[in-house]
Amino acid sequence: MNGHLYPRAYEQWFGDRISRGFLSVYRLVYADAGGRFYDHPEMAAVGRTGDRFVEITPSEMMPLPRGASLVLIPAGSPVGLDRRGNFVLVERVRGVSVFAVAALLPQGYTRTLLPAYRRPAGERPLPLFGYAAVAWHKDGLWVAARQTDDPHRWDPGHYNTPELGRLISGRLGRRPGNPILAQLARCAREYSCFTAQNIFYRRWEGGVPVSPRCNARCLGCISRQPAECCPSPQERISSAPPVEAVVEVMEEHLRSAPGAIISFGQGCEGEPLLAAGTIAAAISRVRRLVSRGTININTNAGHTAGMEKIIASGVDSIRVSLISARPDVYRAYHRPRNYDLQDVRRSIVLARQAGVFVSLNLLVLPGLTDREEEIKSLLAFIQETGVQMVQLRNLNIDPDYLFGRLPPARGEMTGIGEFINRLKKVPGLLVGNFSREV
């Protein structure tokens with residue numbers, strides 16, 4: 001990265017913006033076809049919220065955190081801000097075709113702006129990642145994001161370590177024929193799934209995939225399924241495992257792992273409530289053997305009868321995936337089959353009445369989540385159901401693909417930062433990114 005292309009001319013051109021209170025200009029970052037990244041000598045960086053391009057401001061930015069990565073947007077030309085305050089499509093620099101750049105954030109950070117670019121009509125949707133705007137500022141890379149939780153346990157430095165292969169082989173050797181461990185070994189090796197790896201590291205939150213089926217067809221589903229959007233990055237477990245295999249993995253993890261959490265409903269399976277009989281039986285048996293640790297289920301909460309079985313078995317916490325508390329937006333994204341948002345609401349109320357800790361896995365997208373109508377509906381939903389925590393999750397999807405399939409947006413946008421501030425003002429509500437031990 002060349003951080004000092006024509007700095008004198010650049011500062012002269014943007015002197016008016018500096019005089020309005022900017023310490024220095026956030027410069028446009030772009031890439032060439034070889035994947036080399038540069039800052040633009042004549043353009044300020046631009047972000048996007050919904051379908052609008054916006055000038056980047058300091059309140060939305062932070063230094064690029066450890067564990068983040070840069071990616072170029074295939075066929076995406078960046079948009080910059082020229083010295084006259086115009087948004088400009090930058091297709092070539094010095095006669096060379098250039099591409100927009102985005103950051104992929106590590107867990108524990110919530111993006112505040114999407115990257116600004118244009119792609120030709122007819123291009124395939126982008127891969128399922130959470131693209132965030134980036135800029136060059138103060139001799140370094142900055143990203144449109146806010147730290148919203150302590151990322152220590154999910155720091156990439158704790159994962160894919162040299163001993164992981166040995167730990168996987170040893171566990172498979174001691175438990176041959178367990179289909180869950182076989183699936184988790186694949187997820188740990190091929191997909192670098194952190195919750196799968198934690199089962200082999202014997203620590204923290206570990207995933208236990210059980211259900212090959214789902215009753216929703218979410219536009220941004222990350223497990224392989226028939227979909228119009230784009231290739232999914234993970235493949236689901238192929239068949240439901242026996243109760244004994246589930247108990248085997250659960251018991252060993254809960255008995256010995258520090259900060260032990262068992263989570264059903266990870267990326268390599270469908271909807272766990274459709275396997276409620278297996279999961280409930282496993283929870284009941286394990287709780288007769290081990291009292292420590294937290295048993296959690298990540299779910300869309302649409303299958304209320306399944307939820308009742310899970311609650312009766314002694315589950316400690318549930319995390320409910322939700323893009324919106326408005327029915328039309330919910331249906332457009334989740335595309336539920338044989339349930340609706342009212343069923344989700346009823347499942348949450350039943351869980352809270354039974355003393356189960358309930359979080360929302362809120363799928364956050366600038367230009368949608370931070371609209372006034374969305375915020376009001378979400379706050380009402382939280383109050384009516386008794387939700388205790390909101391876990392912010394950057395929605396992994398091509399924003400152009402998604403916005404073209406949602407109902408027309410209405411209402412003012414507050415910005416993601418202000419949205420988070422309003423959540424934090426709700427009495428007793430926890431706001432973060434990660435499941436907690438209960």
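For the structure itself, consult the block above.
Conventions and cut-offs
- Residues numbered from 1 in each chain as written.
- Predicted model: local features only at pLDDT ≥ 70, side-chain atom pairs only at ≥ 80, totals over all residues.
- Heavy atoms only, no water.
- Axes fitted to C-alpha atoms, helices over the stretch in contact; angles between N-to-C directions.
- Helix = DSSP H or I, 4+ residues; strand = E, 2+ residues; numbered from the N terminus.
- Parallel < 35°, antiparallel > 145°, perpendicular 65-115°, else oblique.
- Left-handed = near helix turned anticlockwise from the far one by under 90°.
- Contact = heavy atoms within 4.5 Å.
- Nonpolar A, V, L, I, M, F, W, Y, C, P; charged D, E, K, R; others polar.
- Buried < 20%, exposed > 50% of the residue type's maximum accessible area, 1.4 Å probe, protein only.
- Pairing = 2+ DSSP bridges.
- Right-handed = clockwise from strand over helix to strand, strands pointing away.

A. The packing of helix α3 (residues 164-174) against helix α5 (residues 194-201), seen in detail. Put simply, α3 and α5 touch, their axes get as near as 9 Å, and they point 70 degrees apart. As judged from the angle between their axes, α3 and α5 are roughly perpendicular. Crossing angle aside, the handedness with which α3 passes α5 is left-handed. Two secondary-structure elements touch here, α3 through L164, L167, I168 and R171 and α5 through Q197, I199, F200 and Y201. The class makeup of the residues in the contact of α3 with α5 is 6 nonpolar, 1 polar and 1 charged.

B. Region of the structure containing the pairing of strand β22 (residues 357-364). Across the 8 residues that make up β22, a large majority, 8, are buried. Residue alternation in β22 divides its side chains into two sets, F357, S359, N361 and L363 and V358, L360, L362 and V364, and both sets are buried. By the bridge criterion, 6 bridges tie strand β21 (residues 317-322) to β22 in an arrangement that is parallel. Paired with V320 across the two strands is L360, which belongs to β22. Taken together, the 6 bridges between β22 and strand β23 (residues 389-394) define a ladder with parallel strand orientation. Within β23, the position partnered with L360 by the bridge is V390. Each parallel crossover has a hand, and for β22 linked through helix α11 (residues 372-385) to β23 it is right-handed.

C. Layout of the sheet that holds strand β13 (residues 114-115). One open sheet accounts for 3 strands, arranged β4-β3-β13; its pairing is antiparallel. The sheet is open, and its two edges are formed by β4 (52-55) and β13, each paired on a single side. Of the strand pairs in this sheet, strand β3 (residues 46-49) and β13 are connected by 2 bridges, and their pairing is antiparallel. Its bridge partner lying in β13, G47 is registered against P115.

D. Seen up close, the packing of helix α8 (residues 304-313) against helix α10 (residues 341-353). In contact at an axis separation of 9 Å, α8 and α10 are set at 15 degrees when each is read in the N-to-C sense. Looking at the two axes, α8 sits roughly parallel to α10. Where α8 crosses over α10, the handedness of that crossing is right-handed. In contact with T304, M307, E308 and I311 of α8, α10 contributes D343, R346, S347, L350 and A351. Of the residues assigned to the contact of α8 with α10, the class counts are 4 nonpolar, 2 polar and 3 charged.

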